[in-house]
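Observations on chain architecture
Chain by chain, the residues run as shown.
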Amino acid sequence: MHITQLNRECLLHLFSFLDKNSRKSLAKTCHKLLEVFWDPSLWSLLNFHSPAELKKDNFLLGPALKYLSICWYSERVKVCNIEDWMKNNFQKDFCNRHENTVSDFLLEVCNRCPNLLSLTLSGCGHVTDDCILLLLKSCPNLKTLKLENCVRITDQTLEAVTLGGGSLQMLHVDFCRNITQTGLERVREKCPSLTLKAERSANMIPDNKPGKKLMLEKASGKWVQL
């Protein structure tokens, strides 16, 4: 029996066991399998492991998407996490290549995936509060939001959760250095039923503007002279 003789339900079940690349390769073999590849029901879950994967054509974004994960575990994340004013030219050039990749992708999610239930972002150093705010507005059914090592996320995201995260049941902001204890306490006060986790976030050293850094250095220099 040839694979193309299976009915649509069986083919969808078969495709569900394959990763994105394998699905795409199989879809190239014939028109019938290509139709299965483009079936929205096949794409309720998407996992990505680097920004480069977001630019591939081996997946489908649509209303069926419920669970999305973008987790970048790489030494290169450390470069993205350096404050912009402290980066050298090589580091700036590296970041410029993918600075907007995740944000642009999430914008597409906002436009195409209104039924998203869960979003996990890890190591996405260029994602900003504005991006998360738009996502909260565009995906009103979002129940789980997990942000790990996303250094540009601040208390503005926490404030947005208190104002417009009505469906949210779980919020993780782990190792996000610009989250403050005050912001976390406000979320606990305004959203007592929300499960909130913030490992290390409020205890990390936040970003400093160049002017502030210089003032601190000058002040410390004066103390040394005294």
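Residues numbered from 1 in each chain as written. Predicted model: local features only at pLDDT ≥ 70, side-chain atom pairs only at ≥ 80, totals over all residues. Heavy atoms only, no water.

**Here we look at the overall build of the protein**
For the record, the criterion: Where helices and strands are cited, they refer to DSSP runs of H or I of at least four residues and of E of at least two residues respectively, numbered from the N terminus. Only protein chains enter the accessibility calculation, which uses a 1.4 Å probe; a residue is then buried when its area is under 20% of its type maximum, exposed when over 50%, and partly exposed in between. Here, residues are in contact when the closest pair of their heavy atoms is within 4.5 Å. Only the protein chains shown count as covering a residue, and every accessible area follows the Shrake-Rupley method with a 1.4 Å probe.
Summing up its helical and strand segments, the protein has ten helices and six strands in all. For the protein, buried positions account for 42% of its 226 residues. Contacts in the protein between residues at least 24 apart in sequence constitute 65% of all its contacts with a sequence separation of at least 6. When the accessible surface of the protein is summed, it comes to about 12900 Å², and 54% of that surface belongs to carbon and sulfur atoms.

**Details of the nonpolar core**
What counts is decided by this rule: To qualify as a nonpolar core, a set must consist of buried Ala, Val, Leu, Ile, Met, Phe, Trp, Tyr and Cys residues joined through side-chain atoms within 4.5 Å.
Ranked by internal contacts, the top residues of the largest apolar core, which has 52 residues, are Leu68, Ile70, Leu106 and Leu121. Ranked by residues supplied to this core, first place goes to helix H6 (residues 101–112) with five residues. In this view, leucine 106 contacts Leu68, Ile70, Leu119, Leu121, Val127, Cys131 and Leu135; residues no more than four positions away in its chain are not counted.

**Some details on the packing of H6 against helix H7 (residues 129–138)**
Let me state the cut-off plainly: The axes used here are C-alpha line fits, helices contributing only the stretch in contact, and every angle between their N-to-C directions lies in the interval 0 to 180 degrees. In these notes the angle categories are as follows: under 35 degrees is roughly parallel, over 145 is roughly antiparallel, 65 to 115 is roughly perpendicular, and the rest is oblique. Take the far helix as the reference: if the near one is turned anticlockwise from it by less than a right angle, the crossing is left-handed, and if turned clockwise, right-handed.
Where H6 contacts H7, the axes come no closer than 9 Å and their chain directions differ by 15°. Considering their axes alone, H6 and H7 lie roughly parallel with respect to each other. Classified by chirality, the crossing of H7 by H6 is left-handed. Where H6 approaches H7, its residues Ser103, Leu106, Leu107, Val109 and Cys110 are matched on the opposing element by Cys131, Leu134, Leu135 and Ser138.

**Examining the sheet that holds strand S3 (residues 118–122)**
What counts here: In this scheme, strands are said to pair when DSSP sees at least two bridges between them.
Here we have six strands laid out as an open sheet, ordered S1-S2-S3-S4-S5-S6, and parallel in their pairing. This sheet does not close on itself; its edge strands, each paired only once, are strand S1 (45–48) and strand S6 (195–197). Each neighbouring strand pair of the sheet contributes to a mean axis angle of 5°, computed without reference to strand direction. The sheet contacts of H6 involve S1, strand S2 (67–71) and S3, and relative to S2 the element is tilted by about 175°.

**Describing the side chain of arginine 23**
Keep this limit in mind: We score Asp and Glu as negative and Lys and Arg as positive, and we do not count His or the chain ends. One side-chain nitrogen of Lys or Arg within 4 Å of one carboxyl oxygen of Asp or Glu is enough to make a salt bridge.
By the secondary structure assignment, arginine 23 is in helix H2 (residues 20–27). Despite its burial, arginine 23 pairs with no opposite charge; the closest candidate is aspartate 19, at 7.0 Å N-O. Once residues lying within four places of it in the same chain are set aside, the contact partners of arginine 23 are Phe15, Ser16, Leu18, Phe37, Leu42 and Trp43.

**Details of the environment of histidine 172**
Looking at the element boundaries, histidine 172 is found in strand S5 (residues 170–174). Taking the C-alpha atoms as reference points, histidine 172 and lysine 197, 25 residues apart in sequence, are found 4.7 Å from one another. Discounting residues that sit within four places of it in the chain, histidine 172 has contacts with Leu145, Lys146, Leu147 and Lys197.

**Considerations on the packing of aromatic side chains**
The cut-off we apply is this: Pairing of aromatic side chains here covers Phe, Tyr and the six-membered ring of Trp, requires ring centres within 6.5 Å, and sorts the geometry by plane angle: under 30 degrees stacked, over 60 edge-to-face, intermediate tilted. We call a charge positioned over a ring when the NZ of a Lys or the CZ of an Arg lies within 6 Å of the ring centre and within 35 degrees of the ring normal.
Overall, the coordinates contain five aromatic pairs when judged by the stated rule. Consider the rings of phenylalanine 48 and phenylalanine 105, whose centres lie 5.3 Å apart with planes at 70°: the pair is edge-to-face. Linking phenylalanine 48 in strand S1 with phenylalanine 105 in helix H6, this pair joins segments that are 57 residues apart in sequence. Each member of the pair, phenylalanine 48 as well as phenylalanine 105, is classed as buried. Put simply, the rings of Phe37, Trp38 and Trp43 touch in pairs and so form one group of aromatic residues. When the ring centre of phenylalanine 48 is taken as reference, the NZ or CZ atom of lysine 20 above it lies at 4.7 Å. Stacked on the ring of tryptophan 43, the Lys or Arg arginine 23 has its end atom at 4.6 Å from the ring centre.

**So, helix H1 (residues 8–15)**
What sets the pattern is the α-helix's 3.6 residues per turn: residues three or four places apart point alike. Under the convention used in this document: The arc in question is traced by the directions running from the helix axis to the C-beta atoms. Contacts described as polar in this section are N or O atom pairs within 3.5 Å, which, within protein, must combine one atom able to donate a hydrogen with one able to accept it, while residues neighboring in sequence count only if both atoms come from side chains.
Looking only at H1, the buried set comprises Leu11, Leu12 and Phe15. Projected down its long axis, H1 carries its buried residues within an arc of 100°, all on one side. As for H1, its buried residues are in contact with H2 and helix H3 (31–37). The N-capping residue of H1, defined by a side-chain oxygen 3.3 Å from the backbone nitrogen of glutamate 9, is asparagine 7.

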